[in-house]
Amino acid sequence: MDRAKPFDIPKREVWEAYKRVRANHGTAGVDGESIADFEADLSNNLYKLWNRLSSGSYHPPPVRRVDIPKGDGRGGTRPLGIPTVADRIAQTVVKRQLEPLVEPCFHQDSYGYRPGKSALDAVGVARQRCWRHAWVLDLDIQSFFDRIDSNLLMRAVRKHTDCPWVLLYIERWLKAPIQMADGSLVARERGTPQGGVISPILSNLFLHYTFDIWMRRNHPAIPFERYADDVICHCRSEEQARTLRASLETRFAECGLTLHPDKTKVVYCKDDDRRGDYPDQKFDFLGYTFRPRLSRRRNGFGVSFSPAVSGKALKSIRQTVRHWILHERSDKTLDDLARMFNNHIRGWINYYGRFYKSALYPALRHIDRILARWAHRKFKSLRRHKRRTHHWLLNIVQRQPDLFAHWRLLYGRGRTMGAG
């Protein structure tokens, strides 16, 4: 270790951070340098980064802004900030230092971007609590990541560390400009861009003090699930939910944030045991729609307030499948197609199939309809007979039920493939 350096950052930390960034892949930042480009002179690049971090001379380059579709089926985009490869490594060095200090303090019902917790955990807990509590306050924070107050955030960071280089570099990242698609630079005084390695832990820390701790102190009887800025609160009555909303509007305003006046709503968790009616009886949370559904119960069937894959998520799945242009890939074999797309299909099943999985079946059957179109175009013997194409695919399913990730789910236990 060079003792002349003002900051004692081990070279090993930079190496470990690089390995994490490499495993996560990711695209190039404003310098156009990919991970492969960075690795072309890896030893030298890592040394230069360590040297600048340790000397205090590291200044983050601008963050490249890209707009990605929201995936909510209504159009519109969400801005992401893409740091350079070197900057992602630098952010990971700081994250590895900060995370062990803040993680033990976080609330048990904060689920976003935390070790050992997942979105599905949050959905499962929300499901149980909707059965026990008749009312939900569904919170929507307007432009949360863009409106985080940097001064309040740094106060929160200082509660957990006095490490000078952690504080220095977080402050610099919060002020790093954004480079727009046309190359222009936009100065930043608030917010932390989605897409940065350090952003999830900083946004969690901000809402830890803005919301989690405040709720524990002021409304300890109201349970909630929070995944980043997606928040669901469970209330005993409509009056309690409305009182909480008014209280939270004041609290968020004190911290420089605003609740969306239309998207924040009180929801009645209607089921067979709950009388009365209410305009809002459903809400979306982490890709699932919670609403009254016909479900199997101990005494047969009844209506239960439960989650299933949301319509927005189903539309996003169909859009992804459409972009595969699967039916035009006549140069590929069926085995090739399975290798190309099974990871996507398996991911959808693992996530959206956890609760009320039958709601996912239509999207999976859609894949098979496109496979039938592919076979119809590829094989001359099938071109004149759509019915024959259906039987051909059915035979493949029966002979190789594990070829595509969704086939056992759809056609196992004697279930048959419907025509068309």
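Details of the structure are given in the entry above.
Cut-offs and rules
- Residues numbered from 1 in each chain as written.
- Predicted model: local features only at pLDDT ≥ 70, side-chain atom pairs only at ≥ 80, totals over all residues.
- Heavy atoms only, no water.
- Helix = DSSP H or I, 4+ residues; strand = E, 2+ residues; numbered from the N terminus.
- Buried < 20%, exposed > 50% of the residue type's maximum accessible area, 1.4 Å probe, protein only.
- Axes fitted to C-alpha atoms, helices over the stretch in contact; angles between N-to-C directions.
- Parallel < 35°, antiparallel > 145°, perpendicular 65-115°, else oblique.
- Left-handed = near helix turned anticlockwise from the far one by under 90°.
- Contact = heavy atoms within 4.5 Å.
- Nonpolar A, V, L, I, M, F, W, Y, C, P; charged D, E, K, R; others polar.
- Expected span 1.5 Å × (residues − 1).
- Arc of directions from axis to C-beta.
- Salt bridge = Lys/Arg side-chain N within 4 Å of Asp/Glu carboxyl O.

**Student:** How would you summarise unusual backbone geometry if you had to cite specific residues and measurements?
**Tutor:** Of note, His25 is a non-glycine position whose phi angle comes to about 60°, a positive value. Its place among the elements puts His25 in the loop between helix H1 (11-24) and helix H2 (35-39). Unlike most non-glycine residues, Ile325 shows phi in positive territory, near 50°. Mapped onto the elements, Ile325 comes out in the loop between helix H11 (311-323) and helix H12 (334-352). For Ile325, a relative accessible area of 39% puts it in the partly exposed group.

**Student:** Tell me about the packing of helix H7 (residues 150-158) against helix H8 (residues 164-175), and name the residues and values.
**Tutor:** H8 packs onto H7 with a crossing angle of 160° between their chain directions and a minimal axis gap of 11 Å. It follows from the interaxial angle that H7 and H8 lie roughly antiparallel. For the crossing formed where H7 meets H8, the hand is right-handed. Each of Ser150, Leu153, Met154, Val157 and Arg158 in H7 lies in contact with H8, whose residues at this interface are Leu167, Ile170, Glu171 and Leu174. Of the residues contributing to the contact of H7 with H8, the split by class is six nonpolar, one polar and two charged.

**Student:** So what's going on with helix H10 (residues 238-254)? Which residues, and what values?
**Tutor:** Every α-helix winds through 3.6 residues per turn, so residues three or four apart in the chain are directed the same way. Between the first and last C-alpha of H10 there are 25 Å, a value that for 17 residues agrees with the 24 Å anticipated at 1.5 Å per step. All of the buried residues in H10 are Ala241, Leu244, Arg245, Leu248, Arg251 and Phe252. End-on, the buried residues of H10 take up no more than an arc of 135°, which puts them together on one face. Across H10 from its buried face, at more than 90 degrees, point the exposed residues Glu239 and Glu254. Backbone geometry just downstream of H10 places Gly256 in the positive-phi region, at approximately 80°.

**Student:** Describe in detail the pattern of salt bridges, supporting the description with residues and values.
**Tutor:** Within this structure, the stated rule accounts for 19 salt bridges. With its nearest N and O atoms 3.1 Å apart, the salt bridge here joins Arg242 to Glu238. Of the two residues, Arg242 and Glu238 are both situated in helix H10; the distance of four residues between them amounts to about one turn of the helix. The partly exposed category is assigned to Glu238, whose relative accessible area is 29%. Put simply, Arg245 and Glu249 hold a salt bridge, and the shortest N to O gap is 3.3 Å. A residue pair is termed a helical-turn pair when its members lie 3 or 4 positions apart in one helix, as Arg245 and Glu249 do in helix H10 at four residues. Residue Arg245 is classed as buried on the basis of its relative accessible area of 16%.

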